[in-house]
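Chain and residue survey
Spelled out, the chains give:
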Amino acid sequence: RHCFHHLPEVREWMNGLPEVGPYRYLNGGMFAGTAKALIDMMESLLRMDAKSLSDSFQASAEPGHAFNDQTLFGLYAMRNPDSVRLDCKGNLFWNLWGDYDRINELVDFREGVLMNRELDSRPWFLHMSQIDKYIEVSRKAGVWSN
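Below, the structure is looked at part by part. (Residues numbered from 1 in each chain as written. Predicted model: local features only at pLDDT ≥ 70, side-chain atom pairs only at ≥ 80, totals over all residues. Heavy atoms only, no water.)

Remarks on the overall build of the protein chain
Looking only at helices and strands, the protein chain has six helices and four strands in total. For the protein chain, the N- to C-terminal ordering of α and β elements is α-α-α-α-β-α-β-β-β-α. In the protein chain, which comprises 146 residues, the share counted as buried stands at 35%. Taking as baseline every contact in the protein chain between residues at least 6 positions apart, the subset at least 24 positions apart corresponds to 64%. Of the roughly 8,900 Å² of accessible surface on the protein chain, 52% is carried by carbon and sulfur atoms. (Helix = DSSP H or I, 4+ residues; strand = E, 2+ residues; numbered from the N terminus. Buried < 20%, exposed > 50% of the residue type's maximum accessible area, 1.4 Å probe, protein only. Contact = heavy atoms within 4.5 Å. Areas by Shrake-Rupley, 256 points an atom, 1.4 Å probe, with all protein chains shown as cover.)

Right under this line is the structure:
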């Protein structure tokens, strides 16, 4: 739902993507692909001039944003749009950042399967950053029991 840690041109590219769901921004917390596709992507990332990209990022960074692997993943996605698919409807991955305050209304369990009520999706993986900050919210929603 939120665009963090991306270069301005990547943010602009993501904002121009067709509206296909609420999760339109790339998050580097989780990704999947064939071994070949992931190797190709990682090799491409390793060939990037990270120092120059970091300098460019820092010149226009917003507070709370940092140059990191997600910055590079976003740049790779922009440069290789036919090779990257974003899970904009949370069918496979559900990044809960930005949804924590609404987790009780969004999370449901049907037949033992975690559901996103808003999209009626059944994500296989949850990405929960800042777990130390939101663990109690997650416990109340039944997402985290320990």
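Focus on the pattern of salt bridges
In total, this model carries 10 salt bridges according to the counting rule given. Note that R117 and D108 form a salt bridge whose closest N and O atoms lie 3.7 Å from each other. One connected set of salt bridges, linked through shared partners, spans R1, D99, R102, E105 and E118. (Salt bridge = Lys/Arg side-chain N within 4 Å of Asp/Glu carboxyl O.)

A short note on the pairing of strand β2 (residues 107-110)
Here β2 pairs with strand β3 (residues 113-116) via four bridges, running antiparallel. Counted as the bridge partner of V107 is N116 from β3. (Pairing = 2+ DSSP bridges.)

Considerations on the layout of surface pockets
Size it by volume and the largest pocket reaches roughly 1,000 Å³. Forming the boundary of the largest pocket are 38 residues, of which L26, N27, G28, M30 and L86 lie nearest the centre. Put simply, the parts of the chain that give the lining of the largest pocket at least two residues each are α2 (35-47), α4 (69-79) and β1 (93-95). No other element matches α4, which puts five residues into the lining of the largest pocket. Along the lines of polarity and charge, the residues of the lining of the largest pocket split into 19 nonpolar, 14 polar and five charged. The space that makes up the second largest pocket amounts to roughly 190 Å³. Around the second largest pocket sit W13, L17, P18, V20, R24, A77, P81, V84, R85, L86 and C88, which together line it. Taken together, the residues that form the lining of the second largest pocket break down as nine nonpolar, no polar and two charged. (1 Å grid on protein atoms, 1.4 Å probe; cavity = no way out; pocket = protein on both sides within 12 Å on 5 of 7 lines; lining within 4 Å. Points joined across faces, edges and corners; volume = space filled by probe spheres on them. Nonpolar A, V, L, I, M, F, W, Y, C, P; charged D, E, K, R; others polar.)

Here we look at α4
Most of α4 sits out of view: eight of its 11 residues are buried. Listed in full, the buried residues belonging to α4 are Q70, T71, L72, F73, G74, L75, Y76 and A77. Tucked inside the fold, the buried residues of α4 contact α1 (8-15), α2 and α3 (50-60). N-capping of α4 is provided by N68, with a side-chain oxygen placed 2.9 Å from the backbone N of Q70. (Polar contact = N/O pair within 3.5 Å; in protein donor to acceptor, adjacent residues only side chain to side chain.)

Describing a nonpolar patch on the surface
A cluster of nonpolar side chains, contributed by L92, W124 and F125, occupies part of the molecular surface with about 350 Å² of accessible area. Residue placement: F125 occurs in strand β4 (residues 125-127). (Patch = residues over 30% accessible without salt bridge, like charges linked within 9 Å, V, L, I, M, F, W, Y side chains within 5 Å.)

With respect to the environment of Y100
Relative to the elements of secondary structure, Y100 occurs in the loop between β1 and α5 (103-106). Each C-alpha atom, one on Y100 and one on M128, is 9.1 Å from the other, the two residues being 28 residues apart in sequence.

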